[in-house]
Amino acid sequence: QVILHYLEGRAEAEVFLPAAFYADPGKYAEFTRALTEHGSVTDFEISVPNRDGSRIPCSVSATIRRDTDGRSEAIVSTLRDITGRKRMQQAVRKAELMYRAIFDHAVEGIFLVDAEGRVVSANPMLARMLGYESAEAMSREVGSVAREVYVERGARGRFRRLLDAQSVVEDF
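Keep in mind that this is a model prediction, so the values were computed, not measured. (Residues numbered from 1 in each chain as written. Predicted model: local features only at pLDDT ≥ 70, side-chain atom pairs only at ≥ 80, totals over all residues. Heavy atoms only, no water.)

**Things to note about the nonpolar core**
- Within the largest apolar cluster, twelve residues are counted, these being Phe 31, Leu 35, Val 41, Phe 44, Ile 46, Val 48, Cys 58, Val 60, Ala 62, Ile 64, Ile 75 and Leu 79.
- Those elements that provide at least two residues to this core are α2 (25-38), β2 (40-49), β3 (55-66) and β4 (72-81). (Core = buried A, V, L, I, M, F, W, Y, C linked by side-chain atoms within 4.5 Å. Buried < 20%, exposed > 50% of the residue type's maximum accessible area, 1.4 Å probe, protein only. Helix = DSSP H or I, 4+ residues; strand = E, 2+ residues; numbered from the N terminus.)

Okay, structure coming up:
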């Protein structure tokens with residue numbers, strides 16, 4: 001929805017969405033301050049009231065339109081319902097928490113290694129299995145998985161070749 005507000009001699013902050021549209025009065029002050037200082041605001045998140053009393057998460061963008069003399073004459077703004085985006089962000093957060101719980105409490109050692117063979121992330125079980133105080137300590141102290149974790153020389157190279165060829169490696 002595009003909204004055009006004509007200023008007609010009023011300050012920019014006096015014309016834009018009234019403070020009642022903002023669930024948090026501090027957000028209203030933050031938005032109007034940014035609009036006045038910068039002349040535009042992009043994707044500023046607010047909650048607007050629905051007729052049933054609930055709040056709708058929205059993204060508002062606004063630009064002050066100026067005349068040829070540089071005086072403010074209008075504010076052009078858009079208000080976008082971002083309910084779907086917020087639901088998706090919540091689902092991602094929930095999935096990340098579930099993944100983290102599985103990773104942290106697994107009874108098997110799990111780790112993620114970058115292309116150079118450095119530990120990016122390890123779970124507590126792997127750290128315990130390999131004698132480290134914590135997963136963080138293991139990540140700090142292991143410089144090369146190929147030399148410090150794999151027992152057999154060249155095993156990581158074989159593992160990488162299998163992974164590249166098959167995308168999945170089982171019972172290695």
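**Brief notes about the pairing of β2**
- For β2 and β3, the ladder comprises eight bridges, and the chain directions are antiparallel. From the neighbouring strand, Phe 44 faces β3, where its bridge partner is Val 60.
- Hairpin connection from β2 to β3: five residues lie between these consecutive antiparallel strands, with Gly 53 at a positive phi of about 95 degrees. (Pairing = 2+ DSSP bridges.)

**Considerations on the layout of surface pockets**
- Approximately 430 Å³ is the volume attributed to the largest pocket.
- Residue assignment for the lining of the largest pocket shows that the elements contributing at least two residues are β5 (111-113) and α7 (155-166).
- Here the lining of the largest pocket gets four residues from one element, more than from any other, and that element is α7.
- Of the residues in the lining of the largest pocket, the class split is nine nonpolar, no polar and two charged. (1 Å grid on protein atoms, 1.4 Å probe; cavity = no way out; pocket = protein on both sides within 12 Å on 5 of 7 lines; lining within 4 Å. Points joined across faces, edges and corners; volume = space filled by probe spheres on them. Nonpolar A, V, L, I, M, F, W, Y, C, P; charged D, E, K, R; others polar.)

**Examining the pattern of salt bridges**
- Counted under the stated rule, the structure contains nine salt bridges.
- A salt bridge links Glu 45 to Lys 86; the shortest N-O distance between them is 2.5 Å. A residue pair is termed long-range when its members are at least 10 positions apart, and Glu 45 in strand β2 and Lys 86 in helix α3 (residues 83-105) qualify at 41 residues.
- On the basis of relative accessible area, Lys 86 is assigned to the partly exposed category, the value being 29%.
- With its nearest N and O atoms 3.2 Å apart, the salt bridge here joins Arg 118 to Asp 114.
- Where salt bridges share partners, they join Glu 45, Arg 85 and Lys 86 into one cluster. (Salt bridge = Lys/Arg side-chain N within 4 Å of Asp/Glu carboxyl O.)

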